[in-house]
Amino acid sequence: MSTPTGFMEYKRELPSDRDPLERIKDWNEFHRMFSEEQLRTQGARCMDCGTPYCHTGIELGGSVSGCPINNLIPEWNSLIYRGLWKEAYDRLMKTNNFPEFTGRVCPAPCEGSCTVGLIGESVTIKTIEQAIIDRAFEEGWVVAEPPKTRTGKKVAVVGSGPAGLAAAAQLNKAGHTVTVYERADRIGGLLTYGIPSMKLEKDIVQRRVDLLAAEGVKFVVNTEIGKDISSQELLEQFDSVVLCGGATKARPIGNVEGHELKGIYQAMDYLNSTIKSYLDNGLQEGTYISGNKKHVIVIGGGDTGTDCVATALRHGCESVTQFGTHSKAPLERDSINNPWPEFPNVYTLDYAHEEAKALYGEDPRAFSVLTKKFVGDENGNVKELHTVQIRRYVDEQGCKIYEEIPGTEKVWPADLVLVAVGFEGPERTIIDQLSLETDRRTNVKAAYGKYKTNVDKVFAAGDMRRGQSLIVWAINEGREAAREVDKYLMGSTMLP
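Residues numbered from 1 in each chain as written. Predicted model: local features only at pLDDT ≥ 70, side-chain atom pairs only at ≥ 80, totals over all residues. Heavy atoms only, no water.

Colleague: Even after reading the chapter, I still don't get the packing of aromatic side chains, so can you show me in this structure?
Modeller: Each aromatic ring pair is summarised here by two numbers: the centre-to-centre distance and the angle between the ring planes. Following the criterion strictly, the structure yields 8 aromatic pairs and no others. Measuring from ring centre to ring centre gives 4.8 Å for Tyr 53 and Trp 340, while their planes differ by 65°; the resulting arrangement is edge-to-face. In this pair, Tyr 53 is assigned in the loop between helix 3 (36-44) and strand 1 (58-60) and Trp 340 in the loop between strand 10 (319-323) and helix 14 (351-360), connecting sequence segments 287 residues apart. Tyr 53 gets classed as partly exposed once you look at its relative accessible area, which sits at 30%. (Phe/Tyr/Trp six-rings, centres within 6.5 Å; stacked < 30°, edge-to-face > 60°. Helix = DSSP H or I, 4+ residues; strand = E, 2+ residues; numbered from the N terminus. Buried < 20%, exposed > 50% of the residue type's maximum accessible area, 1.4 Å probe, protein only.)

What follows is the structure, encoded as structure tokens:
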């Protein structure tokens, strides 16, 4: 335990971020870090509970409670308080292959289930996690550790996002020869193409990829399984295949009148065009979808939509508004409908909303809004968007019902519309070629030992198996699938 009374003696603090009006001028990471003394103070607030809900990783109330990868949070909080950084790093790496990713982009469900949050504000777990791994890299503790022996077994991992990289890392540790296939021109999946650089700088992703390569993992880019290499050919070449292709089939809005107009894009197409152009040429060649001097509307209230807001601001948009069908969250946790240790559904300003508010004077979000139609000009370009306010409730069968409120119709100017309403599931190419079973949500069904599919040698993990989810769940899935593959290949496993 850090100190028995730390949670009473010290208040929760967070590092200050870069000024919103300054950071929208570049694509650099916007977080700042605490001093070592400040981190020790925050670590002292950890109670080392008898039952630490922070690392339970269970689903409650429709969202995750605690850390899905079961990080040993009280242990490394205590070690930081005592100044034992190397030991804290060792404990952190017991459960998490990539804390430099989770410490930056995870929504921190661990903090929502922190016991201190019952009577005050939770421990700043995420900040401490990032500080530990950043210190480890600075001190040179993070080095390539290739396996001492090889098993002679070959494993293909399809997809290089967090699930694929975690599976590859663990299988390589077990001594298998691992090849990761990625259809994009860079490794990382959504870590590279999906999450903007101001949240996760791409040299941080590449640093980890380089480490994995130094440990013996082989990476193949610009290669789509099912097209460049057939799924059957992959099965013939490898002893096992792990599918980690994600849930990348974007949900359309084809039921909205005018959806075919020019200037309406899927959010990921917008974000990735900017990320690729930024990495290729620093946005100098104009090979991206730009929001410059445009009225931008983002449909969808989640993280992807929020990233679109931040990107549009950096493009120099005329205005930006983010629609959500959900109502505005309360300022404090509802102890009846959203009790601890559920993830707290409370009103907050994410980084992009802070930036928009600093620039335009108000939160860019419009709550309880339903898009009714798009209207274009004589050239087929979108020029405005029509909405209505709604009430959302759950009927007796548990179905969500959206009721329009008469008299709340509104017309919004719109030169660029970005659709961020989620994903329907994985793409079908590999599924169809291998005749893989799917569940009712079209995800790959892996019910033959949790991660094993109906096809011999084939396993599935991450969003491709469980649907759109968090990075921490993807890492958990990759690690767990690696255990199952190792057991399949060797008869038993020593992987954690």
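Colleague: Is there a simple way to explain unusual backbone geometry in this structure?
Modeller: Leave glycine aside and you will find that most residues have negative phi; peptide bonds, for their part, are mostly trans. Put simply, Trp 340 and Pro 341 share a cis peptide bond, and its omega is 5°. On the secondary structure map, Pro 341 appears in the loop between strand 10 and helix 14. Unusually for a residue other than glycine, Asn 70 sits at a positive phi of about 55°. Looking at the element boundaries, Asn 70 is found in the loop between strand 2 (63-65) and helix 4 (73-81). Here Asn 70 falls in the partly exposed class, since its relative accessible area comes to 33%. If you check the backbone angles, Ala 108 has positive phi at about 60° while not being a glycine. In this structure, Ala 108 sits in the loop between helix 6 (99-105) and helix 7 (109-112). In this structure Ala 108 comes out as buried when scored by relative accessible area, which is 7%.

Colleague: What's the story with the UniProt feature "domain: FAD/NAD(P)-binding" (unreviewed entry) in the chain in this structure? I'm lost.
Modeller: The sites that carry the UniProt feature "domain: FAD/NAD(P)-binding" (unreviewed entry) are, in the present numbering, residues 153-478. Counting secondary structure, residues 153-478 comes out at 27% helix and 23% strand; the distance between its end C-alpha atoms is 18 Å. (UniProt positions renumbered as here; feature names shortened; annotations may be inferred.)

Colleague: Sorry, what's going on with the pattern of salt bridges here?
Modeller: Under the counting rule described, the total for this entry stands at 30 salt bridges. The residue Arg 104 makes a salt bridge to Asp 134 at a minimum N-O spacing of 3.2 Å. Here Arg 104, found in helix 6, pairs with Asp 134, found in helix 8 (residues 125-139); they are 30 residues apart in sequence, far enough to count as distant. The exposure class assigned to Arg 104 is buried, which follows from its relative accessible area of 8%. Look at Asp 134 and you get buried, because its relative accessible area is 14%. Residues Glu 477 and Arg 465 are paired through a salt bridge, measuring 2.6 Å at the closest nitrogen-oxygen approach. Residue Glu 477 is located in helix 17 (residues 471-490), and its partner Arg 465 is located in helix 16 (residues 463-466); the two are separated by 12 residues in the primary sequence. Like Arg 465, Glu 477 is buried. (Salt bridge = Lys/Arg side-chain N within 4 Å of Asp/Glu carboxyl O.)

Colleague: I would appreciate a short explanation of the packing of helix 9 (residues 162-173) against helix 17 in the present structure.
Modeller: Contact geometry of helix 9 with helix 17 gives a least axis separation of 7 Å together with a crossing angle of 35°. Remark: the crossing between helix 9 and helix 17 carries right-handed chirality. Facing Pro 162, Ala 163, Ala 166, Ala 167, Gln 170 and Leu 171 of helix 9, the residues of helix 17 in contact are Ile 471, Ala 474, Ile 475, Gly 478, Arg 479, Ala 482, Val 485 and Asp 486. Residue composition of the contact of helix 9 with helix 17, grouped by class: 10 nonpolar, 2 polar and 2 charged. (Axes fitted to C-alpha atoms, helices over the stretch in contact; angles between N-to-C directions. Left-handed = near helix turned anticlockwise from the far one by under 90°. Contact = heavy atoms within 4.5 Å. Nonpolar A, V, L, I, M, F, W, Y, C, P; charged D, E, K, R; others polar.)

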